[in-house]
Each structure stands twice: as C-alpha cells, then as structure tokens.
Amino acid sequence: RHYERVSEPLGSPLTSKLKDSMQAFLGPKHHVHEEVVEGEQDDSWVRTVNGGKKLVMNNIHGFLPGRIVQFLANLHLQPHTVYMSRHGQSEYNKIGRIGGDSDITKDGQEYAKALGKYTFEVIQGNSEGLGKPVKCRLWTSSLRRTVQTARYIPRPVLHDKDGSTWKQMDGRRMHGLDEIFAGICDGMTYQEISERYPDEFVLRKENKLSYRYPRGESYLDVISRLDPLVQEIESYREPLLIVGHQGVLRLIYAYLVGRPREEAPSLSIPLNTVIKLDLLTEGVRETRTELLTVDQHDGQRDPATTSSNVFSPTFESIPYPGDLADPLNPPSH
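Residues numbered from 1 in each chain as written. Predicted model: local features only at pLDDT ≥ 70, side-chain atom pairs only at ≥ 80, totals over all residues. Heavy atoms only, no water.

### Topic: the overall build of the chain
Scanning the chain from N- to C-terminus turns up 9 helices and 11 strands. A buried classification covers 42% of the 333 residues belonging to the chain. At a minimum sequence separation of 6, the contacts of the chain that also span at least 24 residues come to 67%. (Helix = DSSP H or I, 4+ residues; strand = E, 2+ residues; numbered from the N terminus. Buried < 20%, exposed > 50% of the residue type's maximum accessible area, 1.4 Å probe, protein only. Contact = heavy atoms within 4.5 Å.)

Structure, rendered in structure tokens:
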C-alpha cells in the first residue's frame, strides 16, 4: 500500500475534507490521526519523518518513553535480510547433553564447510544478480561450537571507490547470543534432570517460557539480554548472518516474524539449516535451506514437549546443491 502525505494547517477546509475522505476509505475500524503541531501541545509525543530519516520528540521524560525513542531511532523502511543458523552438531548434541561449551563433531565440521560455501555463494556473492559482492555481517556467540561452525566463512576485504574498506563477515562474538544457561543442570541429559530434579523437570514442563533453571536462566532472562542486540539488528541495512543456539534463535526468530513470545520455546530451529528472513515493509518472507541431509541427534528433543503444542511454520525444506565453489579457493575471474 502506498500513502502520500499532504500537509495543510489543521482545521482548514482541505484538511477536513481529506480527513473525511481517508476515514471513509479506511472504514470504521481505523482511526485517522491528526498531526501534532510542534509548540502547540504539552503532551509527550514522538514523530518519525520520511521513514525514520528524522525524529522529532516533545516532552519526553522517564525510562519507558526514553526506551521507545531509542527503539524508534533504530528503525528504517529499507528492506534487509537476516540469516540464522544453529551451530553444527556438537559433542554434547551427540550424547544428548544440554548446555556446556563442547566442540563440534565430525558431522558438525561438514556442516561448517557447507555453511562456508553457502555464505560465499549466496550471501557474500550476492545471488540477486547485481554482479558484485555485497557488504555483509556475521555474529556468533562466544561459545566454541558457534565459532567453530563459522570458521570456514571467507572474510575478504572490499574496497570502495572513496578509498574506504569493508571486511566481509568480520565476525563479532556476542556474549548476549550465548545459549540459555541451565545452571545446576548444565551438562546433564533431560533424563538425568527428570531423575535428579523431578520437581524442576515438572515446573519446566508446565511453563518453559518463564521457568528459570536453578542458578541459571529462563527464556525471559534471555529476552532481556537480547534487547540491545535486537535494536542493533533493526538498525542494519546490510545482510546479517547469525550463527547461534536453538533457544536464542527461537526468540530472535519469533520477534522478527511476529510470533507471540509464548510460542518461542516450541519453534522449530533445526540443525543443518539456514533460515533466511527477508524483512520487507509489507511483511517477512521466509526461506529455509537444508545444507546437510544427515540425520543427526541434536540432544534437544525435549521429552517435556509433545508434538501437539509445537509450532511448525509453513515452509518447504530446500536441499542445497553441493557443487559450490570452495570459499577458501575461489575461482579466478
């Protein structure tokens, strides 16, 4: 939908006529707001101009209004893309243990290589056909399994005409992207948790969103530490690849596609898959690409969650061709 703004003094015949026409067009369920004129109102308000190019505020005081202004200052209307991938299979995934800081397995290494090729060909190489590399960003958590999964992603330096440089996929290790800390249950299997801490197991089963592991974290705690990172994501124009963990990616995914946070603990974020989210003005377009068709146990099949309450997005899994160029030895042109 396209809207054009016509500025006229409030109360003028033209403005009143336009307002009546717009109200008739939108229908009774929508309300046409009158423009707030600077200097004529003592209320607190914020106005964005030209899709965030200019921010005007009046009488803003307090924590919450300040946070709203901070959030609005990071918004823009330019389409941009976020790619998300879990780390390759870890040693703890293989034996069904949660948390920890284990290395990735041999199969995890194979996925890391496939992710490097996908990144080189699709994200860095600009599959939109513009014929030149694009500036892009990479985030990982501070844990070894995500850093190791991103090790095969090329990081060439791009040179602009003005003499400036940009290092593609210059990875940032973010503690805020670390997996939910399981506290005293860290490093245990779900079977061990149910046997050693049966009460905790039941409490988590009843409400995974707000349940906090003893001396650990809950999904709600992770939402708090993700807040500044989400605002940074909103400010980006360049494509961003996040190599992270299931729980954290569930929350980021839920936010970007507009799912209620209550559904986040049950969202599907599988291994060996890249989730591409095109953030457009009219909505979000999602594509999932399976890079490695290996049946791997990820240790995250929570027995406390049944298939009846698992949210499954509508998408088609697309096997990715394995004949991509080697990112560490790109072809000469």
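### Here we look at helix α4 (residues 106-124)
If you check α4, its first and last C-alpha atoms are 26 Å apart, about what 19 residues at 1.5 Å a residue would give, namely 27 Å. When α4 is considered as a whole, its buried residues turn out to be Gly108, Tyr111, Ala112, Ala114, Leu115, Gly116, Tyr118, Thr119, Val122, Ile123 and Gln124. Those residues of α4 that are buried lie in contact with β3 (80-86), α5 (144-149), β8 (240-244), β9 (273-280) and β10 (283-290). Its side-chain oxygen 3.4 Å from the backbone nitrogen of aspartate 107, threonine 105 forms the N-cap of α4. (Expected span 1.5 Å × (residues − 1). Polar contact = N/O pair within 3.5 Å; in protein donor to acceptor, adjacent residues only side chain to side chain.)

### Digging into the pairing of strand β4 (residues 137-141)
Burial within β4 is extensive, with 4 of its 5 residues counted as buried. As paired strands, β4 and β8 are joined by 4 bridges and run parallel to one another. When the sheet's bridge partners are listed, threonine 140 is paired in β8 with valine 243. Pairing between β4 and strand β7 (residues 172-174): 3 bridges, direction parallel. Considered in β7, the bridge of tryptophan 139 is made with arginine 172. (Pairing = 2+ DSSP bridges.)

### Description of the confidence of the model for the chain
Looking at the chain, pLDDT values average 79 and 73% of them are 70 or higher. Scored below 50 in pLDDT, residues 1-12 shows 12 contacts in the model against residues more than four places distant or in partner chains. Low confidence marks residues 301-333, where pLDDT is under 50. Its contacts with residues over four positions away, or in another chain, come to 52 contacts. (pLDDT = per-residue confidence, 0-100.)

### Things to note about the nonpolar core
Ranked by internal contacts, the top residues of the largest apolar core, which has 37 residues, are Met84, Trp139, Leu177, Tyr213, Leu226, Ile242 and Ile252. If you list the elements that add at least two residues to this core, you get β3, α6 (190-196), α8 (219-235), β8, α9 (246-257) and β9. Here this core takes 7 residues from α9, the largest share from any one element. Within the second largest apolar cluster, 17 residues are counted, among which are Tyr83, Leu115, Tyr118 and Ile153. (Core = buried A, V, L, I, M, F, W, Y, C linked by side-chain atoms within 4.5 Å.)

### Concerning the pattern of salt bridges
In this structure the tally under the stated criterion is 11 salt bridges. Of the charged contacts in the structure, one is a salt bridge between arginine 172 and glutamate 232, with a shortest N-O distance of 2.5 Å. Here the residue arginine 172 occupies a position in strand β7, and glutamate 232 occupies one in helix α8, the gap between them amounting to 60 residues. On the accessibility criterion, arginine 172 (35% relative accessible area) is partly exposed. Taking relative accessible area as the criterion, glutamate 232 reaches 23% and is therefore assigned partly exposed. (Salt bridge = Lys/Arg side-chain N within 4 Å of Asp/Glu carboxyl O.)

### A closer look at the side chain of arginine 250
By the element assignment, arginine 250 lies in helix α9. At 2.8 Å, the side chain of arginine 250 forms a polar contact with the backbone oxygen of proline 265. Among all residues touching arginine 250, those that are not within four sequence positions of it are Lys208, Tyr219, Ala264, Pro265, Ser266, Leu267 and Ile269.

### Quick word on unusual backbone geometry
Its identity as a non-glycine residue notwithstanding, methionine 169 has a phi of 50°, on the positive side. Phi at asparagine 272 is positive, roughly 60°, even though this residue is not glycine. Looking at the element boundaries, asparagine 272 is found in the loop between α9 and β9. Judged by relative accessible area, asparagine 272 falls into the buried class, the value being 3%.

### Section: a nonpolar patch on the surface
There is a patch of nonpolar side chains on the surface, built from Phe63, Leu64 and Ile68 and spanning about 350 Å² of accessible area. Tracing the chain through its elements places leucine 64 in helix α2 (residues 63-73). (Patch = residues over 30% accessible without salt bridge, like charges linked within 9 Å, V, L, I, M, F, W, Y side chains within 5 Å. Areas by Shrake-Rupley, 256 points an atom, 1.4 Å probe, with all protein chains shown as cover.)

### Here's the deal with the packing of aromatic side chains
According to the stated counting rule, one finds 3 aromatic pairs in the structure shown. With a centroid separation of 5.8 Å and 70° between ring planes, the pair formed by tryptophan 139 and tyrosine 236 is classed as edge-to-face. In this pair, tryptophan 139 is assigned in strand β4 and tyrosine 236 in the loop between α8 and β8, connecting sequence segments 97 residues apart. The class for tyrosine 236 is buried, based on a relative accessible area of 6%. (Phe/Tyr/Trp six-rings, centres within 6.5 Å; stacked < 30°, edge-to-face > 60°.)

### So, the environment of glycine 187
Relative to the helices and strands, glycine 187 resides in the loop between β7 and α6. On the basis of relative accessibility, which here comes to 13%, the residue glycine 187 falls in the buried class. Distance in space between the C-alpha atoms of glycine 187 and serine 102 is 9.7 Å, their sequence separation being 85 residues. Among all residues touching glycine 187, those that are not within four sequence positions of it are Tyr92, Arg97 and Ile98.

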